[in-house]
Amino acid sequence: MTTIDPAAAVRPGTPVAPPKHLVELTVDGETVRVAEGTTVLQACRSAGHDDIPTLCYGDTLTPKNACRVCMVEVEGSRTLVPSCSRTVDAGMVVRTDTERVRHSRRMVLEFLGSSTDLSVAANVGRWNEEYGVDTERYGSERATKAQPVVRDNELYVRDYEKCILCYKCVDACGSQWQNTFAIAVAGRGFDARIAAEYDAELPDSACVYCGNCIAVCPTGALMFTTEHDMRAAGNWDESRQTQTDTICPYCGVGCQLTLHVQDASIVKVTSPSDHSVTHGNLCIKGRFGFQHVQNRD
Amino acid sequence: MVGLATVFGAGGGTSSYAEIEEADVVVLWGSNARNAHPIFFQHVLKAVRRGARLYVVDPRRSETAQWADLWLGNHVGTDIALSHTIAREIIHAGLANTDFIGRATTGFDEYLATVEEWTLERGEAVTGVPADAIRELAHAYATADRAQLCWTLGITEHHNGVDNVLALINLALLCGHVGRHGAGLNPLRGQNNVQGGGDMGAIPNRLAGFQDILDPDVRERFGSAWGVTIQDRYGWHLTQMFEAMERGDLRAVYVIGENPAQSEADKEHTVELLRGLDHLVVQDIFLTRTAELADVVLPGSASWCESEGTVTNSERRVQRTRKALDPPDGARDDIQIILDVCRRLGHDWQYGDTPRDVAEAVWDEVRSLSPMHAGMSYARLEELNGIQWPCPHDDRLEPSYLHGRLWADDPAERGRLAPFSPVVDDPPVEGLSEAFPLRLTTGRRLDSYNTGVQSGGFSNPLRHGESIDVSPEDAARLGVVDDEWVRVTSPRGALTAPVRIDPVLRPGLVFMTFHFPEQVDTNVLTIDATDPKSGTAEFKAAAVRIEKLDV
Amino acid sequence: MDLKLSSHTPTDAEVDAIESVLGPTRSSWHGGDRTDAEQHGDHHVARGGHDLRTQRHRLLPVLHAVNDRVGWISRGAINHIAARLDVAPADIHGVATFYGLFSVTERPTRQVHVCIDLACRIAGADVPDGAHPSPCLGLCERAPAVFVTDAGERPSQGVLAPATPVQVRDLVAGGRLPDEPAPQAATPQVHHDRSSLVLLRRVGVGDPTSIHAYRSHDGYLALRRAIEMGPEAVVREVVESNIMGRGGAAFPAGRKWHTVAHHPVRPHYLVCNADESEPGTFKDRAILEGDPFSLIEAMTIAAFATGCEQGYVYLRGEYPRAKQTLRRAIEVATEHGLLGDDVMGAGFSFHLDVFIGAGAYICGEETAIFNSIEGFRGEPRNKPPFPVDAGLFGKPTLINNVETLANVLPIVLHGGEAFAATGTSGSTGTKLFCVSGSVTTPGVYELPFGATLRQVIDTAGGVADGHRLRAVLLGGAAGSFATPDDLDVPLTFEDLRAAGLTLGSGVVMVLDEHVDLVEFVHRIAAFFRDESCGQCVPCRVGTVRQEEVLQRLEHRGPAFDDDRQLLADIGRVLRDSSICGFGHSAHGAIESAIAKLGVFS
Ligand SMILES: Cc1cc2nc3c(=O)[nH]c(=O)nc-3n(C[C@H](O)[C@H](O)[C@H](O)COP(=O)(O)O)c2cc1C
Ligand code: SF4
Ligand code: SF4
Ligand code: SF4
Ligand code: FES
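These numbers come from a predicted model, not from an experiment.

Parameters and conventions
- Every chain is numbered on its own, with residues counted from 1 as its sequence reads.
- To read the labels, note that chains go from A and ligands from 1, taken in the order they are written.
- Only residues with pLDDT of at least 70 are given local features in this predicted model, and only at 80 or more are side-chain atom pairs given and counted; all residues enter the totals for whole chains, interfaces and linings.
- Each side-chain value is derived from all of the structure's non-hydrogen atoms; neither hydrogens nor water enter the calculation.
- Think of it this way: any DSSP run of H or I at least four residues long counts as a helix, any run of E at least two long counts as a strand, and we number them from the N terminus.
- The globule rule is 2.2 Å times the number of residues to the power 0.38, and the radius of gyration it is compared with is taken over C-alpha atoms.
- Under the scheme applied here, a residue whose accessible area is under 20% of the maximum for its type counts as buried, over 50% as exposed, and between as partly exposed, the area being computed with a 1.4 Å probe on protein chains only.
- Here, two residues are considered to be in contact whenever any of their heavy atoms come within 4.5 Å of each other.
- For the accessible areas, the method is Shrake-Rupley and the probe is 1.4 Å, while residue cover comes only from the protein chains on display.
- Buried area is understood as the total, over both parts, of accessible area removed when two parts are fitted together, assessed with a 1.4 Å probe.
- Only one rule defines a salt bridge in this text: a Lys or Arg side-chain nitrogen within 4 Å of an Asp or Glu carboxyl oxygen.
- Under the rule applied, a polar contact is a pair of N or O atoms within 3.5 Å (in protein, one hydrogen donor and one hydrogen acceptor; residues adjacent in sequence only if both atoms are side-chain atoms).
- Only Asp, Glu, Lys and Arg are considered charged, only Ala, Val, Leu, Ile, Met, Phe, Trp, Tyr, Cys and Pro nonpolar, and every remaining residue, Gly among them, polar.
- The arc in question is the one traced by the directions running from the helix axis out to the C-beta atoms.
- Surface patches are drawn from residues lacking salt bridges whose relative accessible area is over 30%; two like charges belong together within 9 Å, two nonpolar side chains (Val, Leu, Ile, Met, Phe, Trp, Tyr) within 5 Å.
- All the domain ranges listed were derived from an automatic or database domain assignment.
- Note on terminology: a nonpolar core comprises buried Ala, Val, Leu, Ile, Met, Phe, Trp, Tyr and Cys residues joined through side-chain atoms within 4.5 Å.
- A score between 0 and 100, pLDDT records how confident the predictor is in each residue.
- In this description, a line fitted to the C-alpha atoms serves as the axis of each element, helices being fitted only across the stretch in contact, and the angle between N-to-C directions of two axes falls anywhere from 0 to 180 degrees.
- Small angles under 35 degrees read as roughly parallel and large ones over 145 as roughly antiparallel, with 65 to 115 read as roughly perpendicular and the rest as oblique.
- Left-handed is the label given to a crossing in which the near helix is rotated counterclockwise from the far helix by less than a right angle, and right-handed is the label when the rotation is clockwise.
- Nearness of a residue to a molecule or strand requires only that one of the residue's heavy atoms be within 4 Å of it.
- Pairs of strands are assigned from DSSP output, requiring at least two bridges between the strands.
- Stacked, tilted and edge-to-face are the three classes applied to pairs of Phe, Tyr and Trp rings, where Trp contributes its six-membered ring and a pair requires centres within 6.5 Å; stacked means planes under 30 degrees apart, edge-to-face means over 60, and tilted covers the rest.
- For a lysine, the NZ atom is tested; for an arginine, the CZ atom; a charge sits over a ring if that atom is within 6 Å of the ring centre and within 35 degrees of the ring normal.

The secondary structure content of chain B amounts to 22 helices and 21 strands. Here chain B has a C-alpha radius of gyration of 24 Å; the compact-globule value for 551 residues is 24 Å, and the two agree. Burial statistics for chain B: of 551 residues in total, 62% are counted as buried. For chain B, contacts bridging at least 24 residues in sequence account for 69% of all contacts bridging at least 6. Surface summary for chain B: the accessible area is close to 19800 Å², and the carbon and sulfur share equals 51%.

Time to look at the overall build of chain C. In terms of regular secondary structure, chain C is built from 25 helices and 14 strands. Relative to its length of 601 residues, chain C is compact, with a C-alpha radius of gyration of 24 Å against a globular reference of 25 Å. Seen through its C-alpha atoms, chain C measures out along the principal axes to roughly 80 × 60 × 45 Å. Burial analysis of chain C (601 residues in total) assigns 65% to the buried set. The long-range fraction of contacts in chain C, counting pairs at least 24 apart against all pairs at least 6 apart in sequence, stands at 70%. Of the roughly 20500 Å² of accessible surface on chain C, a fraction of 51% belongs to carbon and sulfur atoms.

Moving on: the interface of chain B and chain C. Between chain B and chain C, the contact holds 32 residues from the first and 17 residues from the second. The largest contributions to the chain B side of the interface with chain C come from B:R61, B:W67 and B:W71, which together make up 26% of the buried area. Taken together, the links from chain B to chain C amount to 4 salt bridges. Here C:R47 and B:E136 are joined by a salt bridge, their closest N and O atoms 2.5 Å apart. Counting across the interface, chain B meets chain C through 16 residue pairs in polar contact (both at pLDDT 80 or more). Of all the elements in the fold, those that place two or more residues in the side of chain B that touches chain C are α4 (38–50), β3 (70–72), α9 (131–143) and α22 (472–478) of chain B. Residue composition of the side of chain B that touches chain C, grouped by class: 15 nonpolar, 7 polar and 10 charged.

The next thing to look at is helix α4 (residues 124–131) of chain A. Residues and elements named next belong to chain A. Three or more residues of α4 are buried, namely V124, W127 and Y131. Along the long axis of α4, the arc covered by the buried residues comes to 60°, so they all point the same way. More than 90 degrees from the buried face of α4, the exposed residues found are R126 and E129. Trailing α4 by a residue or two, G132 shows a phi angle of about 65°, which is positive.

We now examine a nonpolar patch on the surface. Residues and elements named next belong to chain B. On the surface, a cluster of nonpolar side chains totalling about 240 Å² of accessible area is made up of Y254, I256 and I338. For I256, the location among the structural elements is in strand β9 (residues 252–256). Residue I256 is classed as partly exposed on the basis of its relative accessible area, which comes to 41%.

Below, the discussion takes up the domain arrangement of chain C. Partitioning chain C into structural domains gives domain 1 (12–96), domain 2 (110–172), domain 3 (188–420), domain 4 (431–510) and domain 5 (517–597). Each of domain 1 of chain C and domain 5 of chain C has a C-alpha centre, and these two points are 42 Å apart.

Counting 254 residues, the largest nonpolar core has B:F40, B:L54, C:Y99, C:W257, C:I296 and C:F481 as its most contacted members. In terms of residue count, helix α13 (residues 292–306) of chain C provides more of this core than any other element does, 10 residues in total. Filtering out sequence-adjacent residues up to four positions away, C:W257 remains in contact with C:V234, C:V235, C:V238, C:A302, C:A305, C:T306, C:L398, C:N400, C:L405 and C:V408. Within the second largest apolar cluster, 58 residues are counted, among which are B:A87, B:I90, B:W151 and B:A418.

All right, on to the interface of chain B and chain A then. Every contact between the two is made by 70 residues of chain B and, on the other side, 65 residues of chain A. For the chain B and chain A pair, buried surface summed over both sides reaches about 5400 Å², with 60% attributable to carbon and sulfur atoms. Along the contact surface separating chain B from chain A lie 0 salt bridges. Linking chain B with chain A are 19 residue pairs in polar contact (both at pLDDT 80 or more), by the criterion used here. Elements supplying a minimum of two residues to the side of chain B that touches chain A: α3 (33–36), α4, α6 (98–104) and β13 (317–321) of chain B. The element that contributes the greatest number of residues to the side of chain B that touches chain A is α4(B), accounting for 8 residues. Tallied by class, the residues present in the side of chain B that touches chain A amount to 30 nonpolar, 23 polar and 17 charged.

In the predicted model, chain C carries a mean pLDDT of 95, and 100% of its residues have values of at least 70. This complex was scored by the predictor with a pTM of 0.94 and an ipTM of 0.95.

A word on the packing of helix α14 (residues 238–247) of chain B against helix α16 (residues 267–275) of chain B. Residues and elements named next belong to chain B. The geometry of α14 relative to α16 is characterised by a closest axis approach of 10 Å and an angle of 60° between their N-to-C directions. Compared by their axis directions, α14 and α16 come out oblique. Once α14 is placed against α16, the crossing between them reads as left-handed. In contact with F242, M245 and E246 of α14, α16 contributes H269, T270, L273 and L274.

Before going further, it helps to examine the site of ligand 1. Residues and elements named next belong to chain C. Neighbouring residues of ligand 1: 20 residues in total, closest G247, N273, N400, N401 and T404. Take G247: an N or O atom from its main chain is 2.6 Å from an oxygen atom of ligand 1. Note that an oxygen atom of ligand 1 is positioned 2.8 Å from one of the side-chain N or O atoms of N400. Those elements giving two or more residues to the shell around ligand 1 turn out to be β9 (397–401) and α24 (581–585). Here the shell around ligand 1 takes 3 residues from β9, the largest share from any one element. Classifying every residue of the shell around ligand 1 by side-chain character gives 5 nonpolar, 9 polar and 6 charged.

As enumerated under the stated definition, the model contains 88 salt bridges over all chains in all. The shortest N-O distance in the salt bridge between A:E238 and A:R231 comes to 3.7 Å. For A:R231, a relative accessible area of 30% puts it in the partly exposed group. Each member of the salt-bridge network shares a partner with another, and the members are B:E308, B:R320, B:R322, B:R356, B:E360 and B:E382.

Residue and element names in this part refer to chain C. Counting buried residues in strand β2 (residues 110–115) gives 6 out of 6 residues, a clear majority hidden from the surface. Neither face of β2 is open: one carries R110, V112 and V114, the other Q111, H113 and C115, and all of them are buried. One ladder, built from 5 bridges, connects β2 with strand β4 (residues 146–150); its direction is antiparallel. Paired with Q111 across the bridge in β4 is T149. One ladder, built from 3 bridges, connects β2 with strand β3 (residues 132–134); its direction is parallel. Bridged to C115 within β3 is S134.

The pairing of strands in a sheet comes from backbone hydrogen bonds and takes either a parallel or an antiparallel form. All names here are of chain A. Reading across from one edge, β2-β1-β5-β3-β4 is the order of the 5 strands in this open sheet, with mixed pairing throughout. Both outer strands of the open sheet, β2 (30–35) and β4 (81–82), are each paired with one neighbouring strand and no more. By the bridge criterion, 2 bridges tie strand β3 (residues 71–74) to strand β5 (residues 93–95) in an arrangement that is antiparallel. Across the sheet, V74 pairs through a bridge with V94, a residue of β5.

With that out of the way, let us pick up the site of ligand 2. The environment of ligand 2 is made up of 13 residues, and the closest members are A:C163, A:I164, A:C166, A:C169 and A:C217. Of the residues that constitute the shell around ligand 2, the class distribution is 12 nonpolar, 1 polar and no charged.

This paragraph deals with the packing of aromatic side chains. Throughout the structure, instances matching the rule amount to 24 aromatic pairs over all chains. Both rings, one in B:Y111 and one in B:F420, keep their centres 4.7 Å apart while their planes meet at 15°; by these two values the pair is stacked. Taken as a pair, B:Y111 in helix α7 (residues 108–115) and B:F420 in the loop between β15 (418–419) and β16 (438–443) lie far apart in primary sequence, 309 residues in all. The exposure class of B:F420 is buried, given its relative accessible area of 5%. Ring geometry for C:F481 and C:F520: centres 6.1 Å apart, planes at 65°, overall edge-to-face. Placement of C:F481 in strand β13 (residues 480–482) and of C:F520 in helix α21 (residues 517–531) is noted, with a sequence separation of 39 residues between them. Given a relative accessible area of 1%, C:F520 falls into the buried group. Here a set of aromatic residues connected by ring pairs shows up, and it is made of C:Y361, C:F527, C:F528 and C:F582. For A:K145, the ring lying beneath its charged end belongs to A:F190, and the centroid distance is 4.9 Å.

Pasting the structure below:
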């Protein structure tokens, strides 16, 4: 038996992260200092600008910067800059609310609003007012993404008229979390869409019903069947709902669940995106396996 | 749990999930984590996406194995043989961490002698895994900067399950892959609070916090807190209880949240024993098969959403469960039921008024008695999204990995050294024969859970019911097709089940789950050989034959 | 990974096609036959994971192979590809449906793609039933053009231009495709005075795939010289030449070379952008078909100078002859030790592969190329990071256009300073102009930077007889319109910029008084709508809205100020907020048509 260099083998202790340098930049005239590698969005938020709209950004996902609603002006840049993905540089001069920025946001919201159904997308109504959105000016002949709701399983529905093609579900189902790759963007341009292979129905796809796509969808295009049906019946009422954090009753991984309860029944299950066990993700049992407490007579 | 507790003194996985993301090599042994522990597997996949190499040891090329850089499909029940072969290769290649062995372990020489006969050739002959694949795993594991070794029921559900675990722990000791950030040993718990149950003393030999019942100081502390005298001997684990029932020594049983009438191997015999008791009390949220046999049924509440408390997960994280719903009429909070039982037995313990107050008061009592939980107030658990044990202090957190002490220079700080375990290879109790030529192994599917009482409740697009999964080759040989019902016979019994042809199986290996006992009662087939050390049954290896039904 | 495959199985022909790229299928765990499983040891061991997944860049070639063999890509074929490459079927389907030349539904083996883009449109293109309308095929000098593919055991592809309506109908009916005339047709200039030519000097001289012919015309002198000079000196000369990229963005090539050469991260990759899909552009084709060794030699020098061991030429799928010629030339160069592990015996290694596009204009965008090669949808990436820092496979990458690279030979042979003596200080060297439309002799013309628009048109024989110049589209669909007033503007990057015009890739499309400008502009809008990758909202929806507003303006008339305002609003967000150059330029030509040609007023 030969020996190996013991020094190489001994590595006790938690590694120390290299110290982060601070970078100074200006946001709307105000000096801000943040750690190197921070995104412009985070820097703006840390400076109190929490009004920058975002749609395709997700705190557990690598920014895809596809929706372009979070654009800001950066001095020296020919175009506007997606704040969700651009990292700060020293001396950067950022403006978050210029006429140019407002114009861009208005147009993006008009483009989305004139082609998709944003009625249940969080915050969009407020932004529409803020930026003076007018979808009527695109005329009545305009192309839209109107299409029937897909109900091919009992757990969740897909209403792609609401889909803004933010790629979040694809990234969550794919390499960033679930690694199941049941869905992808298919087609190109305005015809691009979220689909399983050959537009197969979910039961014929690789879908494992973890619902991690639902968790990241910003527009309600993907929705628990319970929520969808309650909304359709006019019964969905968030003001009557409670949210309780607890732990999944199934396996020993111990995922934290947030139970959304309305009228003494669980209507939806999520998990906090900042939890180190789940990062907002669950499996089919944690996400949908709650019926057994509601079927007890 | 028993294996880790034996070697390290604490029965818990040594790393956190987040550390697994930082490993360079991950070995999943007898674990179909992709299906059985999906969110844990997401952490493994983070590591894989970062470039970590994944090795999977499993007789089936399971969904987990399909992610592996290298899958080693050993014969069922040859895990010790494989582990020893790996160990010998590591030692002979000069890759053992002699520094760590010298500083932190005992019993190396005896271990060395045990594994010496396990040459690659012998390992290949016994396990079926080609020598070069074994060598590759050995070298990858030994040379990794940070390696993780994780296992599940594929390792423990054998008649020698504890020895299997000890054999894996040996590998970590051999390479120093324990007690460091990112390197560790991690058993994945099948059920949501197996870890917590053990931590709280719901095992025959320990009180809360893994404190030995035989230690008089421990007994004294607990006894004075509860106003009782605690017996100075170990209790029985499940198998011993059934043995005691058999002998007639155990006459009354109080079952909480378990369903042995359905989940035990050789279930017909189990039912007989339960029927023969003088008194059986069952406390559960369902009227289970076991409850149907009971003299008294106490309807409990669903602990995860109808009552308050804590559970502990596989990374030793203690987390709060909270009440979101009222239990149905007649059902009550489990703590209240137990307190009422205690009161009738003469102990009028008062913990508070609301369910939350009661749960917190009970927890504070745990904290006062179990040092490793002392720093975990409800407030802190809530603020930090749970805390991993040990947490003795309420103003700081310990490292997320266990046993860092083993690396200490100061022998006093190092404490009790970790012993190698010279366990011996011991093939499955039931060998294959002409009459029973197929190896039946069992496991879980993604969408279902144990005996299916919980997971059966929701409309589930993945569920296709119980089946006997066979390889395409065996199906062809038997002349059976998908969904065809066949008779499956073991030396203990027979059942009928529909066939599912599954290409992840090699010829000779067949697979079933326990999820659908109403439909197909798999336990009729499995054997009740159990591990004397842990009481776990050999669910993973029975011999069966399959026959076409006459039409 | 744990693939979940449907029950569809591939046909023998599909398996053959897939194996022609990936080699025989062995492991039964990855699509192989289970009857051999025992023999391969599959019962107890399987290899997969990272090693399998590093093969993803072979996805596009495999899809091509299947499409070429059976004419479309079936579910069974995708299942087999999935098993071989460890990529999920939905993912593969997403990639396959990105490209215009692939189909995921069954169709006849003969496919006829009729160009309906700018030059061919002017020349009266017509799409009969059974043919596909196609964006620009890069055959504008011979408009109208068609591109024909025949799938089968011996697949073939070819072009016909000009194509009469009768010929097109005959092709759709399965008729034989006539042989394409010799490549020199694209470069009329080379038949007259060669003395002034630099980039085209060898085109039309001898067999383009003959290494001997190439060598006898100074071939491989530059590489020899470069090896003598050493990498640092080569980069210095390129920097000193001040050459601007010829792909359209006019970025100083020396800057990229310098950054990649000094980048600490390894390996480095070299990519030649030969996607040439900008409507009206066909200059790179002239080099690819007429002088492929010059590109290979130039890339070898670039690789030597910047430390790349692997290079790719990303060639558009609609250039069948260029594909053949280039592939043949690479084979020959490899046989002669001019590519491979030890180039010219000088001790450095350089391997070069041709990657074939599949009908997506956006794949000419430099970062879209990377995604396309890597086997993903050809969607552009957000920048930064720039290719020189994180390009192909996330590594430092030098990407240049074919014409840019071709200029490396004169730069190395004569020195950067001598090179910079031609042209102007801001636009050095000569430029290939793609002259099409209403001129006497359309084709690729090489002139020094600084020649005026008038001179370029005159070199092409002037405006076709009997016609009057109405406008010139400069730079293609992503360019802008010049008017007769602009004829004396020198064609340099800086002069054109000052005049509010763009040179782009060198498109000079001459429009006479018969061209319906409204309709022409509409086609430009339709082109952008069709070719948007769809990734970002401003472009995905904006290009559709832009076309809709144009349509309204066409019908309602120009009086509607609100629509003109809307059009301007759309243009502004396209330019401000799109991810890539496609969206940024999607409104330019339209804006210029309104401002300079008075369309809609
Ligand atoms: C939509 C779009 C299409 C493009 N197509 C091409 C092309 O076909 N060929 C090309 O060389 N450059 C093309 N480019 C420019 C490339 O992005 C890139 O600037 C060029 O390859 C760099 O090489 P160069 O510096 O040698 O010009 C395109 C750019 C965009 C935005
Ligand atoms: S379905 Fe939802 S998450 Fe997916 S792309 Fe559409 S909007 Fe985004
Ligand atoms: S959500 Fe899934 S992985 Fe998480 S604890 Fe529940 S069963 Fe386990
Ligand atoms: S600008 Fe257009 S082509 Fe470019 S990324 Fe956006 S959608 Fe795609
Ligand atoms: S949120 Fe930044 S681009 Fe969508």
